[in-house]
Amino acid sequence: MTSIERTAYPRFKRLITAHELHLFFAPSRDEVEWAAARTDCDEHLLAQLLALKSYQRMGCFPKLDEIPETVVDFVRRAVDLPEGTAAKAANRTAERQRTAVRQRTGLSYDKAKARKIAEAVMRSEAVSKNRPADLINIALEKVVEAGLELPGFTTLDALAAKVRIEVNASICMGV
C-alpha cells in the first residue's frame, strides 16, 4: 500500500495556520445563508458548512470526525453558533448535504467515470513510471481536470497496484 503522504491526495495538515483557516475555511455570508436555508438545526448547519468548505478545499468529502477540531471551532465561531455545537448529520442527511454541495460547486459525482479516467491515465503512464505514488498523482490531476469528485485514496491505490501488475507482466512477456 502506498503511503498517502507520498502523494498529492488532499488531506488536512496536522497544523493549520490562522491564515489558512481564514483563507480556506471562512464561510461567506452567501454560503451561510445558503446552508441555513437547507438545514433545520445548528448541528446540521455546522455539518453543511464543514462539508462545503472541505469540499471546496479538497475536492472530496472527509468524514466529519476526520475534520480537525481547529477547523470545526473556526467555522463554529465564524457563524456564531453556541460553543458546544457539534457537527452531526445522519447518513441520509449527510448524503443530501453532499448532493447540495456538489450542485453549488458545479462538480459532478460519477465514480465510474472518475475511475475510468484514473485507470486510463495510469495505464498510459505505467510504462514509464513504476512508483504507485506517481501514478496516483497523475490520476488525481486528470480527474480534477475533468471536473469530477476525487475517488477515495484506497480506490486509487488499489487501481495503481492492479495497473502496475498488468503493465509489468506485459513488459516481462515482451522481453
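Residues numbered from 1 in each chain as written. Predicted model: local features only at pLDDT ≥ 70, side-chain atom pairs only at ≥ 80, totals over all residues. Heavy atoms only, no water.

## Looking at the pattern of salt bridges
Where charged atoms of side chains with opposite charge meet at close range, the side chains can pair. Operational definition: A side-chain nitrogen of Lys or Arg and a carboxyl oxygen of Asp or Glu constitute a salt bridge if their distance falls within 4 Å. When accessible area is computed with a 1.4 Å probe and restricted to protein chains, residues below 20% of their type maximum are described as buried, those above 50% as exposed, and intermediate ones as partly exposed.
For the structure on display, the rule yields 12 salt bridges. Ionic pairing is found between Lys13 and Glu20, a salt bridge with its closest N-O pair at 2.3 Å. What makes Lys13 partly exposed here is its relative accessible area of 46%. For Glu69, the salt bridge identified is with Arg76, shortest N-O distance 3.8 Å.

## Remarks on the packing of helix H1 (residues 18–25) against helix H4 (residues 69–78)
Let me state the cut-off plainly: Simply put, an axis is a line fit to the C-alpha atoms, just over the touching stretch for a helix, and the angle between two N-to-C directions goes from 0 to 180 degrees. Counting from the N terminus, the helices are the DSSP runs of H or I reaching at least four residues and the strands are the DSSP runs of E reaching at least two. An angle below 35 degrees is treated as roughly parallel, one above 145 as roughly antiparallel, one from 65 to 115 as roughly perpendicular, and anything else as oblique. Handedness of a helix crossing follows the sense of rotation of the near helix relative to the far helix, less than a right angle counterclockwise being left-handed and clockwise being right-handed. We call two residues in contact when some of their heavy atoms are within 4.5 Å.
One can describe the packing of H1 onto H4 by two numbers: an axis separation of 11 Å at closest approach and a directional angle of 60°. In terms of axis orientation, H1 runs oblique to H4. Of the two possible hands of crossing, H1 and H4 adopt the one that is right-handed. Residues Leu21, His22 and Phe25 of H1 touch H4, and the partners they reach there are Thr70, Val71, Phe74 and Val75.

## Looking at helix H8 (residues 153–174)
Formally: An expected span of 1.5 Å times one less than the residue number is assigned to each helix. By construction, the arc corresponds to the directions joining the helix axis to the C-beta atoms.
An ideal rise of 1.5 Å per residue puts 32 Å on 22 residues; H8 measures up with 31 Å between its terminal C-alpha atoms. Phe153, Leu156, Asp157, Leu159, Ala160, Val163 and Val167 are the residues of H8 that are buried. What you see down the axis of H8 is that its buried residues fit within an arc of 160°, all on one side. Those residues of H8 that are exposed and angled more than 90 degrees off the buried face are Thr154, Ile165, Cys172 and Met173. Contacts made by the buried residues of H8 are with helix H6 (111–126) and helix H7 (132–145).

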